[in-house]
Amino acid sequence: MKEDKLAINNGPKIRNKPFPAYKVIDDREIKAVEKVLKSGILSKFLGCWDPAFYGGPQVQALEKKWAKYFKVKHAIAVNSCTSGLYCAVGASGIGPGDEVIVTPLSMSASATSILIFNAVPVFADIDKHYFCLDPKAVEKKITKRTKAIVVVDIYGQPYDVQKINALARKHKLYVIEDCAQAIGATYKNKFAGTLGDIGIYSLNFHKHIHTGEGGMVVTNNDQLAEKVRLIRNHAEAVVGDKGVGDLVNMIGFNFRMTEIEAAIASCQLSKLKHLLTKRVNYCDYVARKLALLPGITAPAVRKGCTHSYYVQCFKYNEKIVGVPRHKFIEAVKAELTATKGREKEGVRIVGQGGKPLYLEPLYQKMIAYGSRGCPFRCPWYKGKLNYKKGLCPVAEKINDEELFQLDLIHASLSKKDVEDIVRAFQKVYRLKKKIR
Ligand SMILES: *Cc1c(COP(=O)(O)O)cnc(C)c1O
């Protein structure tokens, strides 16, 4: 039978049609941007102590709307999540000699935000079920130099709020929540981003809602909020006239969001709930179906949490399936066709979880600022750093052997599109003995 031949063995594919692109921009955004363009004011920030220090009408309206939606006191618009992370670390007063504990399983900026202020990242291992920082591993890494924990709501699920927050309270550490992947996810009905001391969202093109590039910082802490606003907008030029006494980390940047992005972000926020509901329903369906295949385990959702499935991560057990992970994934990808507009990226299923950050050359060679090993070998730093392979065995094992990421599922797909993805897995599983 023809259907009994895998596409990798020159059989027919399950699907020849490209998947539809994730498209969330429509007339609402176009009208809002047109209004800004016609006003002629594309940004209203001034980098001095003046009412315009806090930005223009679109930026301020977005900040109000964001704070209300996420039930948090302050929301501060920035031009990326990366800049927002820099602001958060700077506002926390972190500097040379300090350690900040961070997960190795994240996007690079979760850790470079620490280096930017000349502190050093200390990587703690992850939990093997939820892939976020393991509180026990974190506790072992706390020293008298530790100032904060950067938690990442990786793949779209909140970190272990109860245990990590308890550790932070006990040792007087800030919890900086990188919720770039988890917008709209919740823990006990509180939104990701508002679970620690300060949280940072991303509005880059790849995230659930986007403005091309952009980010938002949220906090209930007035002091942190004001420092974030200063770092966002040339702090050093403002502190004198504003009468700021504490000069720690008051070297500012230009991380200002434009009026155009702010106008888009307001429209996007209104769509979040709908986009998320559709995505989560699809992911739940795929999880139910793939979990029926022995050796494939659906993502675990922690008690009290909802997941936003920025990516849907499954665990793969090579011993049970009987086929190496990468070969199985290649066979599934061969059954499908890429996403429109992202054809060159191929079918967006990745047979790994992401390389632990400390294995990157930056940490392996300890070269960041200049060539002298700053800040890793800074004389103020009295600890001993370890970025060796084997440092976080769970993160390494998951990446090397266990995880695959389904990066395909979003709200612009139809149920039929999602069914095709499931059918590709089912077909490959049924014919797995034919994989060479
Ligand atoms: C996307 C992402 C970032 C960076 O976001 P930008 O807005 O592109 O700077 C940071 N952390 C995580 C976990 C991310 O997924």
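What comes next is a walk through the structure. (Residues numbered from 1 in each chain as written. Predicted model: local features only at pLDDT ≥ 70, side-chain atom pairs only at ≥ 80, totals over all residues. Heavy atoms only, no water.)

**Describing the sheet that holds strand 8 (residues 198–202)**
The sheet built from 7 strands is open, its strands ordered 1-9-8-5-4-2-3 with mixed pairing. Here the strands that pair on one side only, and so sit at the sheet edges, are strand 1 (74–78) and strand 3 (120–123). Taken over all neighbouring pairs, the strand axes of this sheet differ in orientation by 25° on average, direction set aside. Two elements, strand 2 (residues 99–102) and strand 4 (residues 146–152), share 4 bridges in a ladder whose sense is parallel. Its bridge partner lying in strand 4, I101 is registered against I149. Against the sheet, helix 3 (residues 81–91) touches strand 1, strand 5 (174–178), strand 8 and strand 9 (215–219), its axis set at about 165° to strand 8. Across the sheet, helix 7 (residues 222–232) is in contact with strand 1, strand 5, strand 8 and strand 9; its angle to strand 1 comes to roughly 15°. (Pairing = 2+ DSSP bridges. Helix = DSSP H or I, 4+ residues; strand = E, 2+ residues; numbered from the N terminus. Axes fitted to C-alpha atoms, helices over the stretch in contact; angles between N-to-C directions. Contact = heavy atoms within 4.5 Å.)

**Considerations on unusual backbone geometry**
Note the cis peptide between C374 and P375, where omega equals 5°. Looking at the secondary structure, you find P375 in the loop between helix 12 (361–364) and helix 13 (393–402). Residue K71 is not a glycine yet carries a positive backbone phi of 55°. Mapped onto the elements, K71 comes out in the loop between helix 2 (57–69) and strand 1. Positive phi, normally seen in glycine, also occurs at N189, with a value near 65°. By the secondary structure assignment, N189 is in the loop between strand 6 (186–187) and strand 7 (190–191). Taking the relative accessible area as the measure of exposure, N189 reaches 73% and is therefore exposed. (Buried < 20%, exposed > 50% of the residue type's maximum accessible area, 1.4 Å probe, protein only.)

**A few points about the pattern of salt bridges**
Taken as a whole and judged by the stated rule, the model has 26 salt bridges. A salt bridge links D98 to K147, with the nearest nitrogen and oxygen atoms 2.8 Å apart. With D98 in the loop between helix 3 and strand 2 and K147 in strand 4, this residue pair connects regions lying 49 residues apart in the sequence. The class for K147 is partly exposed, based on a relative accessible area of 34%. Of the charged contacts in the structure, one is a salt bridge between E226 and R229, with a shortest N-O distance of 3.3 Å. You can see E226 and its partner R229 sitting in helix 7, 3 residues apart, about one turn around the helix. (Salt bridge = Lys/Arg side-chain N within 4 Å of Asp/Glu carboxyl O.)

**Side note on the environment of K319**
In this structure, K319 sits in helix 10 (residues 318–321). Sequence spacing of K319 and G295 is 24 residues, and the spatial spacing of their C-alpha atoms is 7.8 Å.

**Here we look at the site of the ligand**
Close to the ligand lie 14 residues, the nearest being T82, D178, S202, N204 and K207. With respect to the ligand, the side chain of T82 contributes an N or O atom lying 2.5 Å from an oxygen atom. Within the side chain of S202, one N or O atom sits 2.7 Å away from an oxygen atom of the ligand. Starting from 380 Å² of accessible surface for the ligand in isolation, the protein chains cover 92%. For the shell around the ligand, the residue count by class is 4 nonpolar, 8 polar and 2 charged. (Near = heavy atom within 4 Å. Polar contact = N/O pair within 3.5 Å; in protein donor to acceptor, adjacent residues only side chain to side chain. Areas by Shrake-Rupley, 256 points an atom, 1.4 Å probe, with all protein chains shown as cover. Nonpolar A, V, L, I, M, F, W, Y, C, P; charged D, E, K, R; others polar.)

**A closer look at the environment of C179**
Locating C179 in the fold gives a position in the loop between strand 5 and strand 6. Considered as a pair, C179 and G199 are 20 residues apart in the sequence and their alpha carbons are 6.5 Å apart.

**As for the nonpolar core**
Counting 82 residues, the largest nonpolar core has F123, F131, I176, Y363 and Y387 as the members making the most contacts within it. The element contributing the most residues to this core is helix 3, with 7 residues. In contact with F131, not counting residues within four places along its chain, are L105, I126, I154, Y155, C313, K315, I398 and L403. Within the second largest apolar cluster, 37 residues are counted, among which are V280, F314, L408 and I409. (Core = buried A, V, L, I, M, F, W, Y, C linked by side-chain atoms within 4.5 Å.)

**A few points about helix 14 (residues 415–430)**
End to end, helix 14 covers 22 Å across 16 residues, agreeing with the expected 22 Å (1.5 Å per residue, within 8%). For helix 14, the complete set of buried residues consists of D417, V418, D420, I421, V422, A424, F425, K427, V428 and Y429. Considering only its buried residues, helix 14 is in contact with helix 9 (259–290), helix 10, helix 11 (325–335), strand 13 (349–350) and strand 14 (403–406). (Expected span 1.5 Å × (residues − 1).)

**Details of the packing of aromatic side chains**
Applying the stated criterion across every chain yields a total of 25 aromatic pairs. Ring geometry for F70 and F191: centres 5.1 Å apart, planes at 75°, overall edge-to-face. Taken as a pair, F70 in the loop between helix 2 and strand 1 and F191 in strand 7 lie far apart in primary sequence, 121 residues in all. Under the relative-accessibility criterion, F70 is labelled buried at 1%. (Phe/Tyr/Trp six-rings, centres within 6.5 Å; stacked < 30°, edge-to-face > 60°.)

**Concerning the sheet that holds strand 13**
One open sheet accounts for 4 strands, arranged 10-12-14-13; its pairing is antiparallel. Here the strands that pair on one side only, and so sit at the sheet edges, are strand 10 (296–297) and strand 13. For strand 13 and strand 14, the ladder comprises 2 bridges, and the chain directions are antiparallel. Residue pairing in the sheet places V350 in a bridge with Q405 of strand 14.

**Some points on the pairing of strand 5**
A large share of strand 5 lies buried, amounting to 4 of its 5 residues. In the sheet, strand 4 pairs with strand 5 via 5 bridges, with the strands oriented parallel. Along strand 5, the bridge assignment pairs V152 with D178. Tracing the backbone out of strand 4, into helix 6 (residues 161–171) and back to the parallel element strand 5 gives a crossover that is right-handed. Pairing analysis gives 3 bridges linking strand 5 to strand 8, with the strands arranged parallel. From the neighbouring strand, E177 faces strand 8, where its bridge partner is G199. (Right-handed = clockwise from strand over helix to strand, strands pointing away.)

Structural measurements only, silent on function.
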